[in-house]
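Coordinate inspection notes
Here is how the chains run, residue by residue.
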Amino acid sequence: MRNLFSVSFCIVCRRTFFPSTCRIQQRQATSSVKTNYHKKKKKLPFPIKGEIIFGIHPIELALSARRRKLYTLFVKNTPDQETGNQSFINVSLSAEGLVERKEFVNKQMLDRLSEDKPHQGICLDASPLIVPELDFPKYVNTRKEDKNSNFPVWLLPYRVKDVHNLGAVLRSCHFLGVEHVVLPTVHTCSLTPMVSKASSGAMEVMNISQVRNDESIIKFIKEWKDFGGRVIGANLDEENISIPVEQYHVRHPTLLIIGNEEKGMKFKISSLCDDHFCVHPAHNVHPLVDSLNVSVATGLYCII
């Protein structure tokens, strides 16, 4: 089996086109799902203490990770083909003794709890996921004790704002062995229940730390380089300076930075990168389809 840390990674192109309505939806989703939800929770017949996680895999992994306080599990009270599958049954059974209580409700109530998101017949009221501040010197000291460890690969999604993009990126990274994700707290999508759903629950179990702003990111990049690592960023190769991703091989601890869906990353961040990846499109592509979605490109190049 190929060592996952020897896999080459690519960072996506900067241009992805979003209609104005999508940008509005992004801002609504990334601002705070919990804030919108708490405006409506007073109308519900159940007291909601935290935020609502929905879907079989996010709830199953939230239960197993135990990183959240688990309040109430809401389960569909009328079985059908979906709620009769083994995964659904396993989640319902595994919650016993972990959640404070279990409520059997109808589909309409689950729709209200999840705000009409795809809940698969089950929702969980749980505390928000706590993301610790990055303590990179502590990580370095811990890693020095592990003499048999491979070159680590970390990911920094810089100002990725779409909840579906971030969720899909986390899912690909977890599946392909990225060791850690560093998430900025400014101008970047927060870890909402929709991100957990889009990640198929990977968000619940991944190693994720946060940094506050560009100054914190720059400080972290310099610490990473002092650690002996390299920093790889995204580029459209407009100046023919990027390395084709298939030619890059991980020989050092590697920090991958993927940029914002439309604008990429700021020059002060990009200029600190040791190398830039690029992905060349096929011939005769339409000029309006000249780049890949951030999540698709990340997953695509994780397997090279």
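Summary of the structure given here. Computed from a prediction, not measured in an experiment: that's the story for all the values here. For every chain, the first residue of its written sequence is number 1, and the numbers climb from 1 along that sequence. Reporting in this predicted model follows two pLDDT cut-offs: at least 70 for local features of residues, and 80 or more for side-chain atom pairs to be given and counted; totals over whole chains, interfaces and linings ignore these cut-offs and use all residues. Computation of side-chain values covers all heavy atoms of the structure but excludes hydrogens and water.

1. What to know about the side chain of Thr 72
Considering the arrangement of structural elements, one finds Thr 72 in strand β2 (residues 70–76). On the basis of relative accessible area, Thr 72 is assigned to the buried category, the value being 4%. Here a polar contact is recorded for every N or O atom pair within 3.5 Å, except that within protein the pair must consist of a potential hydrogen donor and a potential acceptor, and residues adjacent in sequence are included only if both atoms are side-chain atoms. Of the polar contacts made by the side chain of Thr 72, one reaches the side chain of Arg 101; its length is 3.3 Å. Whether two residues are in contact is decided by their heavy atoms: any pair within 4.5 Å suffices. For Thr 72, the residues in contact, after removing those within four places along its chain, are Arg 101, Glu 103, Cys 123, Leu 124 and Asp 125. Only DSSP runs of H or I covering at least 4 residues are called helices, and only runs of E covering at least 2 are called strands; the numbering of each starts at the N terminus. For each residue, the accessible area found with a 1.4 Å probe, counting protein chains only, is set against the maximum for its type, and the residue is called buried under 20%, exposed over 50%, and partly exposed in between.

2. Regarding unusual backbone geometry
For Arg 159, which is not glycine, the phi torsion reads 55° and is therefore positive. When you line up the elements, Arg 159 lands in the loop between β5 (153–157) and α7 (163–175).

3. Regarding the packing of helix α3 (residues 56–65) against helix α4 (residues 86–94)
Between α3 and α4, the shortest axis-to-axis distance is 10 Å and the interhelical angle comes to 35°. For the element pair α3 and α4, the recorded crossing hand is left-handed. On α4, the residues touching Ile 56, Ile 59, Glu 60 and Leu 63 of α3 are Ser 87, Phe 88, Val 91 and Ser 94. Fitted lines through C-alpha atoms serve as axes, helices being fitted only where they are in contact, and the angles separating the N-to-C directions of these axes extend from 0 to 180 degrees. Note: crossing handedness is left-handed where the near helix turns anticlockwise from the far helix by less than a right angle, and right-handed where it turns clockwise.

4. Description of the packing of aromatic side chains
What describes a pair of aromatic rings is the distance from one ring centre to the other and the angle between the planes of the rings. Geometry of aromatic contacts follows a simple scheme: Phe, Tyr and Trp rings, the Trp one being its six-membered ring, pair when their centres are within 6.5 Å, and the pair is stacked under 30 degrees between planes, edge-to-face over 60, tilted otherwise. Counting across every chain of the model gives twelve aromatic pairs. Judged by centre distance (5.6 Å) and plane angle (90°), the rings of Phe 136 and Trp 154 are edge-to-face. One end of the pair, Phe 136, is in helix α6 (residues 136–144); the other, Trp 154, is in strand β5, with 18 residues separating them in the sequence. In terms of burial, Phe 136 and Trp 154 fall into one category: buried. Taking 5.3 Å as the distance between ring centres and 50° as the angle between the ring planes, the aromatic pair formed by Trp 154 and Trp 224 counts as tilted. Taken together, the residues Trp 154 in strand β5 and Trp 224 in helix α9 (residues 214–226) connect sequence positions 70 residues apart. Residue classification places Trp 224 among the buried residues on the basis of a relative accessible area of 0%. Connected via pairs of aromatic rings, a cluster forms that spans Phe 136, Tyr 139, Trp 154, Phe 220, Trp 224 and Phe 227.

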